[in-house]
Amino acid sequence: MDITSLQSTFPDLFIKANHPLAPYTTLKIGGPADIFIHTKTKDEFLSVLKYLSETINFSARNECEGMSPKVVRTAKIGLSNIDLTILGNGSNVLISDSGIRGIVIKNTSSDISIDSNNNTKTDFSTTYTQRMENEPDKYLDFTKLNYDESSLPTSLTTLSSGTPLPFAINYLLDHGLTGLQWFAYIPGTIGGATWYNIHGGSYHLADYIDSVETFDLSSGQIKTFSKQELNWSYEHTYFQQHPELIILATTLRLFHGDTTLAKQVRDAWIAQKIKVQPMNSAGSCFANPALSDCQKIWGEQKSTGWIIDHELGWKGKTVGGAQISLQHSNFIINTGTATATDYYTLLTDIQNEVKSRFGLQLVPEVHLLGKF
Ligand SMILES: Cc1cc2nc3c(=O)[nH]c(=O)nc-3n(C[C@H](O)[C@H](O)[C@H](O)COP(=O)(O)OP(=O)(O)OC[C@H]3O[C@@H](n4cnc5c(N)ncnc54)[C@H](O)[C@@H]3O)c2cc1C
């Protein structure tokens, strides 16, 4: 793709060649994008996606490169291929030192609209979660904060996909709507949170989702899916299998709940998480292992943090500037000078050690972008 045609079509947008991506991630790691585009509104985001889908013929595929599945969207222009990557807040990605080939769109579209029609009927049900912790005093104890809102009246709220989750939580609580307090301290956008089906305590975002508006790169059409049309489970969504679908907005069904209590929970949640979840990371490195696997090895559920800490004794272990966090052993942090290779080496070292000692295959939660 010729950058000058993009720049002349969208003169008001920030469009740069060979633009560094590290500043757009919580890890502050990663090389440049061939072409970087920053869209600040849903209209800008949609216009660029429409232009790209009309100008070039997109195809999408899922690749498994290295240790973690990688989503690749490819546009064929003549004989050459162009990949398209969407970045939310970059809080769940490890970007390669060589960067990302093709086009990267940084999406900060941020609108919230509340439809205040109350509705007492809701099909609220929670998704199974593996997010338990051993040693809750050391890590997080969700159970003491939990309470049930499912019988309360609800309203629909639509958030564009670049909306920062922490902003959305505060804004909606100030407007009388509860439900998102369980996701306090998660530094993602609504798009990234929907793509991944984030979890907080006993809840997943999908528990609150009513519908998702997407742009289909292959047909060039906007498509809205109801929650029931999409598969949701622990860390898995329909969107991970369908990279041609870009999330434009998510409509949530939230409760007219006790905002004072919800704010207390939000604050307690942040106070707990700040002690054990370092922000200079990409979140948890690995999912917790399945109960059935843990029962065979330890006779009970264990968390990945516990395994790395107690079984490997690797808390604080470093590779270059990457370190297994002293706050929580399932987090790898950038101490200031880490490269993607440092992080990736430490990640694979943990995975290989656990596999060779216990026959247990840890599944990464961080998503790899670019070549590893
Ligand atoms: C300190 C810390 C704590 C965390 N705590 C939690 C936690 O408690 N629970 C939890 O589930 N996660 C947690 N995370 C992980 C992370 O914050 C979430 O997964 C978050 O939802 C990622 O959103 P993002 O906007 O940063 O996505 P990014 O990291 O920017 O992107 C992640 C993936 O989503 C895709 N994507 C993003 N936007 C779109 C879009 N509009 N359309 C299509 N695809 C898109 C990207 O292409 C990429 O593949 C934590 C991370 C950190 C650093």
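That block above? That's the structure.
Residues numbered from 1 in each chain as written. Predicted model: local features only at pLDDT ≥ 70, side-chain atom pairs only at ≥ 80, totals over all residues. Heavy atoms only, no water.

**Student:** Teacher, can you tell me more about the overall build of the chain here?
**Tutor:** Within the chain one finds 9 helices and 20 strands. Burial status across the chain gives 55% buried among its 372 residues. For the chain, contacts bridging at least 24 residues in sequence account for 71% of all contacts bridging at least 6. (Helix = DSSP H or I, 4+ residues; strand = E, 2+ residues; numbered from the N terminus. Buried < 20%, exposed > 50% of the residue type's maximum accessible area, 1.4 Å probe, protein only. Contact = heavy atoms within 4.5 Å.)

**Student:** What's the story with the nonpolar core in this structure? I'm lost.
**Tutor:** Generally speaking, nonpolar side chains in soluble globular proteins are found buried as a group. In this structure, F183 and Y208 are the most contacted members of the largest nonpolar core, which totals 36 residues. Only α3 (165-174), α4 (190-196), β12 (209-216), β16 (245-255) and α6 (259-276) provide two or more residues apiece to this core. Every residue in contact with F183, bar those within four places of it in the chain, is listed here: L165, I169, I198, H199, G200, Y203, H204, L205 and Y208. Ranked by size, the runner-up nonpolar core spans 29 residues in total, among them C285, Y344, L347 and I350. (Core = buried A, V, L, I, M, F, W, Y, C linked by side-chain atoms within 4.5 Å.)

**Student:** Looking at this model, I keep getting lost on the side chain of N334. Mind explaining?
**Tutor:** If you trace the backbone, N334 turns up in strand β19 (residues 332-334). With a relative accessible area of 8%, N334 lands in the buried category. Engagement of the side chain of N334 in a polar contact is seen with the backbone nitrogen of T337, the distance being 3.3 Å. Setting aside its immediate chain neighbours within four residues, N334 contacts L27, K28, I29, N280 and G321. (Polar contact = N/O pair within 3.5 Å; in protein donor to acceptor, adjacent residues only side chain to side chain.)

**Student:** How do you make sense of the site of the ligand when you look at a structure like this?
**Tutor:** Taken together, 31 residues lie near the ligand, and I86, G88, G90, S91 and T189 sit nearest. The backbone of G90 places a nitrogen or oxygen atom 2.8 Å from an oxygen atom of the ligand. At 2.8 Å from a nitrogen atom of the ligand is found a main-chain nitrogen or oxygen belonging to H199. Relative to its unbound accessible area of 980 Å², the ligand is 98% covered by the protein chains. With 5 residues, α4 is the largest single contributor of residues to the shell around the ligand. Here the residues of the shell around the ligand sort into 14 nonpolar, 16 polar and 1 charged. (Near = heavy atom within 4 Å. Areas by Shrake-Rupley, 256 points an atom, 1.4 Å probe, with all protein chains shown as cover. Nonpolar A, V, L, I, M, F, W, Y, C, P; charged D, E, K, R; others polar.)

**Student:** Would you mind going over the sheet that holds strand β18 (residues 322-324) with me for this structure?
**Tutor:** One key point about sheets: their strands pair by backbone hydrogen bonds, in either a parallel or an antiparallel sense. The 3 strands are arranged β17-β18-β19 in an open sheet whose pairing can be described as antiparallel. Each end of this open sheet is capped by a strand with a single partner; those strands are β17 (318-319) and β19. Where helix α9 (residues 340-358) meets the sheet, it contacts β17, β18 and β19, and its direction lies at approximately 30° from that of β18. (Pairing = 2+ DSSP bridges. Axes fitted to C-alpha atoms, helices over the stretch in contact; angles between N-to-C directions.)

**Student:** Help me understand the packing of aromatic side chains in this model?
**Tutor:** In this description, an aromatic ring pair is defined by two values, namely the gap between the centres and the angle between the planes. Under the defined criterion, the tally for this structure stands at 16 aromatic pairs. Taking 6.2 Å as the distance between ring centres and 75° as the angle between the ring planes, the aromatic pair formed by W182 and W269 counts as edge-to-face. Highlighted residues: W182 in the loop between α3 and α4 and W269 in helix α6, separated in sequence by 87 residues. In this structure W269 comes out as buried when scored by relative accessible area, which is 3%. Measuring from ring centre to ring centre gives 6.2 Å for W232 and F239, while their planes differ by 65°; the resulting arrangement is edge-to-face. Given the relative accessible area of 16%, W232 is considered buried. A network of ring pairs unites the aromatic residues Y147, W182, F183, Y203, Y208, F255 and W269 as a single cluster. The ring of W306 has K302 sitting right over it, with the charged end atom 4.1 Å from the ring centre. We note K317 situated over the ring of W314; from NZ or CZ to the ring centre the distance is 4.5 Å. (Phe/Tyr/Trp six-rings, centres within 6.5 Å; stacked < 30°, edge-to-face > 60°. Lys NZ or Arg CZ within 6 Å of the ring centre and 35° of its normal.)

Everything listed here is a matter of geometry and, on its own, says nothing about what the molecule does.
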